[in-house]
Amino acid sequence: TLSSDAGRCCQQEEADALSSRIAIMTNGVMRCIGSASELKNKFGRGYQLELQLHSATTTDAVVESLKERWQAELTESFGNRLCFTLSPQPGEAQVASRLFGEMESRKEEWNIAEYAVSQPSLEQIFLRFAHDQRPEDGEGGGETAGNPP
């Protein structure tokens, strides 16, 4: 079981590796339960793409191209490091291979030092639920049980 409050019952990596079923609760309501892979498949949206550029000169072009081609959302930008969330695409099974192919073909054009493509982690899914948790005094807006964040 994972809990939000400032602390956690256990680390997400431990839950992912050791638990056969994981439950996530917010505001005293169980929001979901299942294996780590079931939670990732149901609540993990698309892919995460992390780029490290040699220089920031191509940053704008990279961001615009990924937004247009992959419906990517820039989630973090620090110096030459860019992180994106890519929305689920039709034919999801081939998305990763197409994305790897595009990154390899644009390495020189975009000045890419390195890149990584991954599915959302269990921690990212947990944090999405925790973000919607109401403060303890009952103020704020959370979502109802059963609706993904």
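Note: the structure precedes this text.
This is a predicted model, so every value here is computed, not measured.

Reading the values: the criteria
- Residues numbered from 1 in each chain as written.
- Predicted model: local features only at pLDDT ≥ 70, side-chain atom pairs only at ≥ 80, totals over all residues.
- Heavy atoms only, no water.
- Pairing = 2+ DSSP bridges.
- Helix = DSSP H or I, 4+ residues; strand = E, 2+ residues; numbered from the N terminus.
- Axes fitted to C-alpha atoms, helices over the stretch in contact; angles between N-to-C directions.
- Buried < 20%, exposed > 50% of the residue type's maximum accessible area, 1.4 Å probe, protein only.
- Arc of directions from axis to C-beta.
- Patch = residues over 30% accessible without salt bridge, like charges linked within 9 Å, V, L, I, M, F, W, Y side chains within 5 Å.
- Areas by Shrake-Rupley, 256 points an atom, 1.4 Å probe, with all protein chains shown as cover.
- Salt bridge = Lys/Arg side-chain N within 4 Å of Asp/Glu carboxyl O.
- Parallel < 35°, antiparallel > 145°, perpendicular 65-115°, else oblique.
- Left-handed = near helix turned anticlockwise from the far one by under 90°.
- Contact = heavy atoms within 4.5 Å.
- Nonpolar A, V, L, I, M, F, W, Y, C, P; charged D, E, K, R; others polar.
- Phe/Tyr/Trp six-rings, centres within 6.5 Å; stacked < 30°, edge-to-face > 60°.

Examined bridge by bridge, strand E3 (residues 47-53) and strand E5 (residues 81-86) share six bridges and lie antiparallel to one another. Paired with leucine 51 across the strands is leucine 82, a residue of E5. In this structure, strand E4 (residues 72-78) lies alongside E5, joined through six bridges in antiparallel fashion. Paired with phenylalanine 78 across the two strands is arginine 81, which belongs to E5.

Strand order in the open sheet made by the four strands is E4-E5-E3-E6, with antiparallel pairing throughout. Two strands lie at the open edges of the sheet, namely E4 and strand E6 (112-118), each paired on one side alone. With strand direction ignored, the average angle separating the axes of adjacent strands in the sheet is 20°. Pairing geometry for E3 and E6, over six bridges, is antiparallel.

With that settled, consider helix H2 (residues 36-43). Every buried residue of H2 is accounted for by Ala36, Leu39 and Phe43. When H2 is viewed along its axis, its buried side chains cluster within an angular range of 65° and face the same direction. Of the exposed residues in H2, the ones pointing more than 90 degrees away from its buried face are Asn41 and Lys42.

Judged by side-chain polarity, Met25, Met30 and Ile33 come together as a nonpolar surface patch covering roughly 260 Å² of accessible area. Within the secondary structure, methionine 30 is located in strand E2 (residues 29-34).

Looking now at the packing of H2 against helix H6 (residues 122-131). For any two helices packed against each other, the geometry is given by the interaxial angle and the distance between the axes. Here H2 crosses H6 at 60°, and the two axes come no closer than 10 Å. Taken together, the axes of H2 and H6 lie oblique to each other. Helix-helix and strand crossings are classified by hand; for H2 and H6 the assignment is left-handed. Contacts between H2 and H6 involve Ala36, Leu39, Lys40 and Phe43 on the former and, on the latter, Leu122, Ile125, Arg128 and Phe129. Of the residues in the contact of H2 with H6, the class split is six nonpolar, no polar and two charged.

The next subject is the packing of aromatic side chains. The full count for this structure, using the stated rule, is two aromatic pairs. For the ring pair phenylalanine 43 and phenylalanine 129, a centre distance of 5.1 Å and an interplane angle of 75° mean the geometry is edge-to-face. Of the two residues, phenylalanine 43 sits in helix H2 while phenylalanine 129 sits in helix H6, which places them 86 residues apart along the sequence. In this structure phenylalanine 43 comes out as buried when scored by relative accessible area, which is 5%. Assessed through its relative accessible area of 1%, phenylalanine 129 is described here as buried. With a centroid separation of 5.9 Å and an interplanar angle of 55°, the aromatic rings of phenylalanine 100 and tyrosine 115 are classed as tilted. Residue phenylalanine 100 is located in helix H4 (residues 95-105), and its partner tyrosine 115 is located in strand E6; the two are separated by 15 residues in the primary sequence.

Attention now moves to the packing of helix H3 (residues 59-70) against H4. It is at 13 Å that the axes of H3 and H4 come closest, and there the two elements cross at 150°. By the angle between their directions, the pair H3 and H4 is classed as roughly antiparallel. Viewed along their axes, H3 and H4 form a crossing whose handedness is right-handed. Each of Leu66, Arg69 and Trp70 in H3 lies in contact with H4, whose residues at this interface are Val95, Arg98, Leu99, Glu102 and Met103.

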